[in-house]
Amino acid sequence: MARRGGPDRSGAEGRKSAAGKAAGRKKEHRRGGGRDGQEPVSRPVDGGLAELIPDRERPRGRTLLIDGAPQSHVDLDDPTYLSFAYQRRLGHVIDLLAPPPQPLHVLHLGGGAFTLARYTAATRPRSTQQIVEIDAPLAQFVRDHLPLDERARVRVRAADAREGLGRLPDDWADLVIADVFAGARTPAHLTSAEFLTEVRRVLKPGGSYAANLADGPPLAHLRGQVATAAAVFPELALAADPVVWRGRRFGNAVLYASALPLPIAEFTRRVASDPHPGRVEHGRALTDFTGGAAVVTDADARPSPTPPPSVFDNS
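Calculation rules
- Numbering of residues starts from 1 in every chain and runs along the sequence as written.
- Whole-chain, interface and lining totals are the exception, using all residues; otherwise, since this is a predicted model, local features are given only for residues with pLDDT of at least 70 and side-chain atom pairs are given and counted only at 80 or more.
- Side-chain metrics rest on all non-hydrogen atoms present in the structure, leaving aside hydrogens and water.
- Grouping buried Ala, Val, Leu, Ile, Met, Phe, Trp, Tyr and Cys residues that are joined through side-chain atoms within 4.5 Å yields what is termed a nonpolar core.
- Burial status follows relative accessibility: with a 1.4 Å probe on protein chains alone, a residue under 20% of its type maximum counts as buried, one over 50% as exposed, and anything between as partly exposed.
- Helix and strand assignments follow DSSP, with helices taken as H or I runs no shorter than four residues and strands as E runs no shorter than two, numbered in order from the N terminus.
- Throughout, a contact is declared for two residues whenever any of their heavy atoms are within 4.5 Å.
- In this description, strands pair whenever DSSP reports at least two bridges between them.
- Between N-to-C directions, angles span 0 to 180 degrees; the directions come from axes that are lines fitted to C-alpha atoms, helices contributing only their stretch in contact.
- Definitions for this section: a left-handed crossing has its near helix turned counterclockwise from the far helix by less than a right angle. A right-handed crossing has that turn clockwise.
- In this count, Pro and Cys sit with the nonpolar residues alongside Ala, Val, Leu, Ile, Met, Phe, Trp and Tyr, while Asp, Glu, Lys and Arg are called charged and the others, Gly among them, polar.
- Any N or O atom pair separated by 3.5 Å or less is treated as a polar contact, with the protein-specific requirement of one donor-capable and one acceptor-capable atom, and with residues adjacent in sequence counted only for side-chain atom pairs.

(A) Spotlight on the nonpolar core. If you look at the biggest cluster of nonpolar residues, it comprises 38 residues, and the most contacted ones within it are Val-199, Tyr-209, Phe-233 and Leu-238. For this core, the element with the most residues is helix H5 (residues 193–202), which contributes five residues. Not counting the four nearest positions on each side in its chain, Phe-233 is found in contact with Leu-196, Val-199, Arg-200, Leu-203, Tyr-209, Ala-257, Ser-258 and Ala-259. Formed by 24 residues, the second largest nonpolar core is a distinct cluster that contains Leu-116, Ala-237, Leu-262 and Val-271.

See the structure below:
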């Protein structure tokens with residue numbers, strides 16, 4: 001199971017803690033005897049060993065791994081193809097924000113292989129996007145081997161997610177996507193009401209926030225994150241696999257929030273129609289799910305829980 005959520009699975013996302021910026025300057029390695037461009041490539045980055053593994057079914061498809069765990073999938077021939085379940089759910093949020101091909105201003109906190117930025121650029125070509133990725137060597141590795149479309153208006157900035165968020169003006173973004181993990185855990189400073197208040201400052205009045213979260217039984221972190229988001233955004237929905245909802249497995253959940261009513265019916269239909277169907281909760285059911293969990297503040301914020309070793313089996 002993948003840290004960011006493997007193809008049609010519900011894995012926890014994350015990267016190892018920083019191994020030192022000097023690692024990012026070490027020699028790149030190729031292995032395997034495939035034809036040119038078809039062999040895996042790897043390079044040490046701040047978060048560990050980054051690898052790009054060819055997709056046997058897609059000639060220009062690649063899966064990004066960090067220390068052996070899948071993070072993202074990209075198909076350069078078809079950037080609209082979203083292999084990972086959690087990325088498809090985030091793709092639904094992008095699709096439902098406004099009718100394509102209407103351009104959007106999108107802020108991506110966490111870069112990975114820039115999968116969702118590529119998706120947005122392909123479906124909404126005149127969109128303006130910023131990616132904030134703290135691991136500069138990783139971002140460069142991705143750009144070297146999976147270059148962005150030269151026509152895409154995407155800026156990649158090497159910075160901490162909250163620092164990058166703070167640099168943006170009020171009412172800039174139609175959508176903020178948070179997909180940030182370190183050492184397989186969401187950093188504490190990205191779990192608080194103060195962080196979400198800053199997100200809402202950057203969003204336009206009708207904008208949306210979407211986050212990839214990860215948790216397992218008894219789902220205390222997820223309940224706290226929903227309660228915290230509810231203190232900042234009046235409209236919420238949460239999408240996850242049924243086994244995650246039932247507290248049977250550690251996995252991913254996509255939080256969807258806005259100041260305005262969400263397209264719940266259509267979001268629910270799309271999530272349920274995915275190759276790996278998920279379930280969406282909102283309204284009273286989502287409030288009941290929190291079970292009275294306290295709002296998380298900067299003073300008491302903690303990283304998300306460490307996934308059990310079994311989460312990364314069979315990645």
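There is more to say, and it comes next.
(B) Broad picture of the sheet that holds strand S3 (residues 48–55). Pairing in this open sheet of five strands is antiparallel, and the strands run S1-S2-S3-S4-S5 from one edge to the other. Every interior strand has two partners, whereas the edge strands, strand S1 (29–30) and strand S5 (69–75), have only one. Both S1 and strand S2 (residues 41–45) contribute to a ladder of two bridges, which runs antiparallel. In the strand pairing of S2, Arg-30 is matched with Val-41.

(C) Broad picture of the packing of helix H1 (residues 85–97) against helix H2 (residues 115–123). One way to put it is that H1 packs onto H2 with a least axis distance of 11 Å and a crossing angle of 35°. In the crossing of H1 with H2, the sense of the turn from one axis to the other is right-handed. Every residue of H2 that contacts H1 at Gln-87, Leu-90, Gly-91, Ile-94 and Asp-95 is listed here: Thr-115, Leu-116, Tyr-119 and Thr-120. Residues of the contact of H1 with H2, tallied by class, amount to four nonpolar, four polar and one charged.

(D) Representation of the pairing of strand S9 (residues 173–178) within the structure. Across the six residues of S9, six count as buried, placing the element largely inside the fold. Where S9 lies against strand S10 (residues 203–215), five bridges are found, and the strand directions are parallel. Note on S10: the bridge partner recorded for Ala-178 is Ala-211.

(E) Structural view of the sheet that holds S9. The eight strands lie next to each other as S8-S7-S6-S9-S10-S12-S11-S13, forming an open sheet whose pairing is mixed. Edge positions in the sheet fall to strand S8 (153–157) and strand S13 (279–282), since each of these pairs with one other strand and no more. The mean angle between the axes of side-by-side strands here comes to 15°, regardless of whether they run parallel or antiparallel. Inspection of the sheet shows strand S11 (residues 235–240) paired to S13 by four bridges, in the antiparallel sense. Bridge pairing in S13 links Ala-239 to Val-280. Across the sheet, helix H8 (residues 264–273) touches S11, strand S12 (251–258) and S13, and the angle it forms with S13 is around 155°.

(F) Spotlight on the side chain of Glu-281. Along the polypeptide, Glu-281 turns up in strand S13. Reaching out from Glu-281, the side chain makes a polar contact with the side chain of Arg-279 at a distance of 3.2 Å. Excluding residues that lie within four positions of it along the chain, Glu-281 makes contacts with Ala-237, Leu-238, Trp-245 and Leu-286.

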